[in-house]
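The chain contents come next:
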Amino acid sequence: MRLTHAALGLSVGISLLGSELHAQWGDHTQYQYHHGEISIPPASADEPVAEDLSLERAIAYLEDGAKAWANNRGCVSCHTTGWYGILRPQLAESLGRPDAAWRAFLEARLQDRLAADPEELQQDVNPAEVVHLAASLASWDAHVDRRLSPETEQAFQLMFSLQRDDGAWHSPDTWPPFESDAYQLATVAAMGVGLAPGWLEQATSPQLQRQIAGLREYLRRVPPPHDYARVALLWADRYLPGVISADQKQDIVRMILDRQRPDGGWSIRSFAQPEEWGRGNRAERLRAEADFGDPASDGHQTGLAVVVLSSAGVPPTHPAVQRGVEWLSRNQRQSGRWWTKSLNTETWHFITYTGTLYPVMALAVASSLAGSPR
């Protein structure tokens, strides 16, 4: 399956397309993403399922969402632009080269972070932004320009300057599954350093060698806080091999396969107990959900499961992967999104961004490995 879109390289064209599609559904008194011509309403479980799979609508939502967030918030956030930056370049062969304006945004944001107060960068979500920023630049280098850039080297120097003594980075307990714990952020850092072409081989200074070893040791030594983190660890091992053993790898693969639901999808709520997602009244609210004992499949976890299983060597012909792809094909909503209910709120549901990005990645990966001409 080659995921194509005629206007993909033209940011204005795709933004207008996305606005036109999203304007057909939703309450425009509030927006999930809004900037200029872009107006994407909040996601809702009540949105009708699309009659046919439309990758054009999914891509329009992703491009529009990233552009609106970057223009309005000006940051690389874990739940939107952070994962867009890491995964969109990896889809360059299927979707075309990402807009050069995105790379310019990353470089400008890097200069802003380099000029910031080092103590400020250790606070709140700033370490998470730096980690995602470095990984995004590395992904662009690997899959678009195919060479290591000075900006990526600068970003990794900054990232490791924020590393804690235990090998991880500070992360607040705010917005699971992202910006929620140091472990998840360490897996993103591992993905980033593994993505950067030639960087690990060039990082020969004793200090960097100690810091990279500290990251590896952290992921090997510290138990994942929940099964969702185990999935993230397995994904990180694809980019930085050796952070888990062969036996651990097989155990995680079996765990993912065992969690597949009868309809072919996966539910993020099946990968951690409510109390494991963080503090506050989140656990009480999650336990009060009507489907707590049998949570519904969602786009985020189904897309993630297919991507991670594929990265671990599970072939696209495996029945679980095929059933996951079939679930994704049947459950896209009319706006182009896949529904995923937030773990945190009853309103914004920002997880629908990765809940759409991961399915697009899954469809591309599964079909590419299968050699499908679709």
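Quick caveat, the model's predicted, so the values are computed rather than measured. Sequence order as written defines the numbering, with residues in each chain counted from 1. In keeping with the model being predicted, local features are shown solely for residues with a pLDDT of at least 70 and side-chain atom pairs are shown and tallied solely at 80 or more, while totals for entire chains, interfaces and linings include all residues. Computation of side-chain values: all heavy atoms of the structure, hydrogens and water removed.

**A short note on the overall build of the protein chain**
Let me state the cut-off plainly: Secondary structure is summarised from DSSP: a helix means a run of H or I of at least four residues, a strand means a run of E of at least two, and numbering begins at the N terminus for each. The cut-offs for exposure are 20% and 50% of the maximum accessible area for each residue type, with area from a 1.4 Å probe on protein chains only; residues under the lower value are buried, those over the upper are exposed, and the others partly exposed. Contact definition: two residues touch when any of their heavy atoms are within 4.5 Å. Using a 1.4 Å probe, accessible areas were evaluated by the Shrake-Rupley method; residue-level cover was limited to the displayed protein chains.
Within the protein chain one finds 17 helices and two strands. Each principal axis of the C-alpha distribution contributes one length, and for the protein chain these read about 55 × 45 × 45 Å. Of all 374 residues assigned to the protein chain, the portion counted as buried reaches 58%. Contacts in the protein chain between residues far apart in sequence, at least 24 positions, make up 72% of those at least 6 positions apart. Just so you have it, the protein chain exposes about 15,000 Å², and 49% of that area is on carbon and sulfur atoms.

**Here we look at helix α15 (residues 299-311)**
Put simply, the rule reads: By this rule the span expected of a helix is its residue count minus one, scaled by 1.5 Å. Here a polar contact means two N or O atoms within 3.5 Å. Within protein one must be a hydrogen donor candidate and the other an acceptor candidate, and residues neighboring in sequence count only if both atoms are side-chain atoms.
Given a rise of 1.5 Å per residue, 13 residues ought to cover 18 Å, and the 18 Å separating the end C-alpha atoms of α15 matches this to within 8%. Within α15, twelve of the 13 residues are buried, leaving the element largely enclosed by the surrounding structure. Along α15, the residues that are buried comprise G299, H300, Q301, T302, G303, L304, A305, V306, V307, V308, L309 and S310. Capping of α15 at its N-terminal end is provided by D298; its side-chain oxygen lies 3.2 Å from the backbone amide nitrogen of H300. Directly after α15, the chain includes G313, whose backbone phi takes a positive value near 95 degrees.

**With respect to the layout of surface pockets**
The condition that has to hold: With a 1 Å grid spanning the protein atoms alone, the term cavity applies to any set of points in which a 1.4 Å probe fits but cannot get out, the term pocket to an open set with protein on both sides within 12 Å along at least five of seven lines, and the term lining residue to any residue with an atom within 4 Å of a point. Grid points are joined across faces, edges and corners, and a volume is the space filled by probe spheres set on the points. Residues are sorted three ways: Asp, Glu, Lys and Arg are charged, Ala, Val, Leu, Ile, Met, Phe, Trp, Tyr, Cys and Pro are nonpolar, and all the rest, Gly among them, are polar.
By volume, the second largest pocket is sized at about 320 Å³. As for the second largest pocket, its lining consists of 19 residues, and the residues nearest its centre are A45, A296, S297, W339 and K341. Residue composition of the lining of the second largest pocket, grouped by class: eight nonpolar, five polar and six charged.

**As for the confidence of the model for the protein chain**
To keep it simple, the criterion reads: One number per residue, pLDDT, summarises how confident the predictor is, and it ranges from 0 to 100.
Averaged over all residues, the pLDDT of the protein chain equals 91, while 90% of them reach at least 70. The low-confidence segment residues 1-28 (pLDDT under 50) makes 64 contacts with residues lying over four places distant or belonging to another chain.

**Points about the packing of aromatic side chains**
Our working rule: Only centres within 6.5 Å qualify two rings of Phe, Tyr or Trp (six-membered ring in Trp) as a pair; their planes then separate them into stacked at under 30 degrees, edge-to-face at over 60, and tilted for everything else. Whether a charge sits over a ring depends on NZ of Lys or CZ of Arg being within 6 Å of the ring centre and within 35 degrees of the ring normal.
Under the definition given, this model contains 19 aromatic pairs. Summarising the aromatic geometry, the rings of F156 and W199 are spaced 4.6 Å apart at their centres and angled 35 degrees between planes, so their arrangement reads as tilted. Taken together, the residues F156 in helix α8 (residues 150-161) and W199 in helix α10 (residues 199-202) connect sequence positions 43 residues apart. In terms of burial, F156 and W199 fall into one category: buried. Note on Y183 and Y218: the rings are 5.8 Å apart at their centroids and 40 degrees apart in plane angle, and the pair reads as tilted. Here Y183 is found in helix α9 (residues 182-195), whereas its partner Y218 is found in helix α11 (residues 206-221), with 35 residues between them in sequence. With respect to burial, Y183 and Y218 carry one shared label: buried. One aromatic cluster in this structure is built from Y33, Y61, W69, W175, W348, F350 and Y353. A cation over an aromatic ring shows up here: R238 above the ring of Y239, its NZ or CZ 5.5 Å from the ring centre.

**Details of the pattern of salt bridges**
What counts, and what does not: Think of a salt bridge as a Lys or Arg side-chain nitrogen and an Asp or Glu carboxyl oxygen that are within 4 Å of each other.
Here the structure, examined in full by the defined rule, presents 18 salt bridges. As a salt-bridge pair, R103 and E107 come within 2.8 Å of each other at their nearest N and O atoms. Of this pair, R103 and E107 both sit in helix α5 (residues 100-114), separated by four residues, roughly a single helical turn. With relative accessibility at 27%, the residue E107 sits in the partly exposed group. Here E129 makes a salt bridge to R113, at a shortest N to O gap of 3.9 Å. Separated by 16 residues along the polypeptide, E129 in helix α7 (residues 126-145) and R113 in helix α5 bring together distant segments of the chain. A residue is classified by how much of its surface remains accessible, and R113, at 6% relative accessible area, is buried. Residues joined in a network through salt bridges with shared partners are R103, E107, D141 and E151.

**Some details on the side chain of T187**
With respect to the helices and strands, T187 occurs in helix α9. Overall, the relative accessible area of 2% leaves T187 in the buried class. Contacts of T187, omitting those with residues within four sequence positions, involve L219, A232, L233 and A236.

**As for empty space enclosed by the protein**
On inspection of all chains with the given rule, the structure shows four cavities of 30 Å³ or more. When its volume is computed, the largest cavity comes out at roughly 70 Å³. W83, F178, Q184, T187, M191, Y228, A232, W235, L304 and Y358 are the residues that line the largest cavity. For the lining of the largest cavity, the secondary structure elements donating two or more residues are α9 and α12 (227-239). Here the lining of the largest cavity is built from residues that sort into eight nonpolar, two polar and no charged. By volume, the second largest cavity is sized at about 50 Å³. For the second largest cavity, the full set of lining residues is H79, W175, P176, P177, F178, S342, N344, F350 and I351. Of the residues in the lining of the second largest cavity, the class split is six nonpolar, three polar and no charged.

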